[in-house]
Amino acid sequence: MAVLPVRLLRTPDWPEGPFPFEVGNRRTDAATRATYFAPASARVLYGSPGRPCRWHRTMSIVHNGMRLHGMELLRTATGRSHGHALAVLHFTVDRPLLPVLRAIGQRPDAGPNPLTGPFAPQQLFGQVAEVRDGTDAFAMVRPYTIALLTPETCHTPALRSEPTAALPATADQWLWQLASRSTPRDFPLAPETAADEFEQAVRISADWSALVLRHSAAFLGHRADAGQGDFYDFAALHARTVYLDALLLGTLQRDHIDRLTDELSGVFDGPHLSAQVGSLERNIAFFRSTYWRQHLTAHGPANELLLAFQAQYRLPERFAEILAEAADYSRLVQNLESQQISGALGVLTILGLPLGTALSVLQVLGDQSAAHLLVALGLSIAATAAALTTRYGRLVISSLRGGAGPEPPA
């Protein structure tokens, strides 16, 4: 599978819902897959009645040892990017898998990119969508690949010697190469850190494992594939459906956290700080209620894959930093508003005290002369102007403007 960032040019006229794979009498349509996920996660991944967000298209194209079974589009729109979506291309590869992954990852000397010719995205999507290129701040530079390799009896480096035996060290090395789309020549893994990398593998069962990295993920079987009707038929079904959806949700979380981080960096760019912070807080609340899930299902491996994806991008730590920084900005806005309220009260005091004093004196004296009233008004205005030139007056004016006021004298 290859996941690409795209921009929807129009609402697809494809069938709604995720790609409905079938194994035997088991069909994984939206209703079936939604049972694996919490309701909020299911709405993000599959939409809701009257509000679709996912479409699929069945096709069969065979080229250069690869077969395309179909495509999916998942709308990932936000307030600033209404047309953003993720596209998923479902392939079966009938030739060595690692060279195909290296070519998609554009490794040196890897050969031509398989996503060209009849598999070129611009040809597959037509007038429905276009691939977002590297100039988009939130687009993946390379397609995210999710690979499943089911070994044969000759692939002993990946196999357990018996069902209860421990995995050979070569199994995790092979899994890491598939997940990283690299060979030791492309990226020699440091022996000092290799154990830490291999510990991130998700042991789905004794039969297969998964490893999630920043730019790709891989599943590797640990017993020989017996062919049609083997357990691996169901493994492939889960990899293309529930496990794919867990990684898609992680991708959505990463993109939204990137956008929130970008929005945080521009809080002080606009003239109205309170409006900027208010918009940021609303977007954070929307993301938290809609997308932010660390336990999306009771289905254990899907949770583990999501957590592994989040760990690769440090999403929990980054979101905690966003919350802390937004709280700091909120306190800053509250302090500025308090200063402005205090400044307004100070102005009322400076304006009202001289005038009130002058009118009170005239009232006590019983003076009803218009000339004396004008003199009193003039004197009160002069006293107000003089008060505004003092340090307290300048501080009041600065508070009204949202500033911090003049520095105290040394």
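The paragraphs below set out a description of the structure included in this document. (Residues numbered from 1 in each chain as written. Predicted model: local features only at pLDDT ≥ 70, side-chain atom pairs only at ≥ 80, totals over all residues. Heavy atoms only, no water.)

1. Topic: the pattern of salt bridges
Then, number 1: Across all of its chains, the model carries 13 salt bridges by this definition.
Then, number 2: Notably, a salt bridge pairs Asp 230 with Arg 223, separated by 3.3 Å at the nearest N-O pair.
Then, number 3: In the salt-bridge network here, residues are joined through shared partners; they are Arg 33, Arg 54, Glu 72 and Asp 245. (Salt bridge = Lys/Arg side-chain N within 4 Å of Asp/Glu carboxyl O.)

2. A closer look at the environment of Glu 197
Then, number 1: Tracing the sequence through the fold places Glu 197 in helix α6 (residues 191–199).
Then, number 2: The partly exposed category is assigned to Glu 197, whose relative accessible area is 23%.
Then, number 3: As for Glu 197 and Leu 213, which are separated by 16 residues in sequence, their C-alpha atoms are 9.5 Å apart.
Then, number 4: When sequence neighbours within four positions are dropped, the list of residues in contact with Glu 197 reads Trp 176, Leu 189, Leu 211 and Leu 213. (Helix = DSSP H or I, 4+ residues; strand = E, 2+ residues; numbered from the N terminus. Buried < 20%, exposed > 50% of the residue type's maximum accessible area, 1.4 Å probe, protein only. Contact = heavy atoms within 4.5 Å.)

3. Thoughts on the layout of surface pockets
Picture a little ball the size of a water molecule; that probe, rolled over the atoms, points out where space is still empty.
Then, number 1: The computed volume of the largest pocket comes to approximately 1,000 Å³.
Then, number 2: As for the largest pocket, its lining consists of 35 residues, and the residues nearest its centre are Phe 91, Thr 92, Leu 148, Ala 236 and Arg 240.
Then, number 3: Sorting the residues of the lining of the largest pocket by element identifies β2 (21–23), β5 (66–75), β6 (84–93), α3 (97–104), β8 (144–149) and α7 (231–240) as the ones contributing at least two each.
Then, number 4: Take the lining of the largest pocket: its biggest share by element is six residues, from α7.
Then, number 5: A class-by-class count of the residues in the lining of the largest pocket yields 22 nonpolar, eight polar and five charged. (1 Å grid on protein atoms, 1.4 Å probe; cavity = no way out; pocket = protein on both sides within 12 Å on 5 of 7 lines; lining within 4 Å. Points joined across faces, edges and corners; volume = space filled by probe spheres on them. Nonpolar A, V, L, I, M, F, W, Y, C, P; charged D, E, K, R; others polar.)

4. Description of the packing of aromatic side chains
Then, number 1: Counted according to the given criterion, the structure contains 17 aromatic pairs.
Then, number 2: Between Phe 309 and Tyr 313 the ring centres are 5.2 Å apart and the planes differ by 35 degrees, which places this aromatic pair in the tilted class. Each member of the pair Phe 309 and Tyr 313 is classed as buried.
Then, number 3: Among the aromatic residues, ring-to-ring pairing joins Trp 208, Phe 219, Phe 231, Tyr 232 and Tyr 243 into one connected group.
Then, number 4: For Arg 223, the ring lying beneath its charged end belongs to Tyr 232, and the centroid distance is 5.3 Å.
Then, number 5: Stacked on the ring of Tyr 313, the Lys or Arg Arg 254 has its end atom at 5.0 Å from the ring centre. (Phe/Tyr/Trp six-rings, centres within 6.5 Å; stacked < 30°, edge-to-face > 60°. Lys NZ or Arg CZ within 6 Å of the ring centre and 35° of its normal.)

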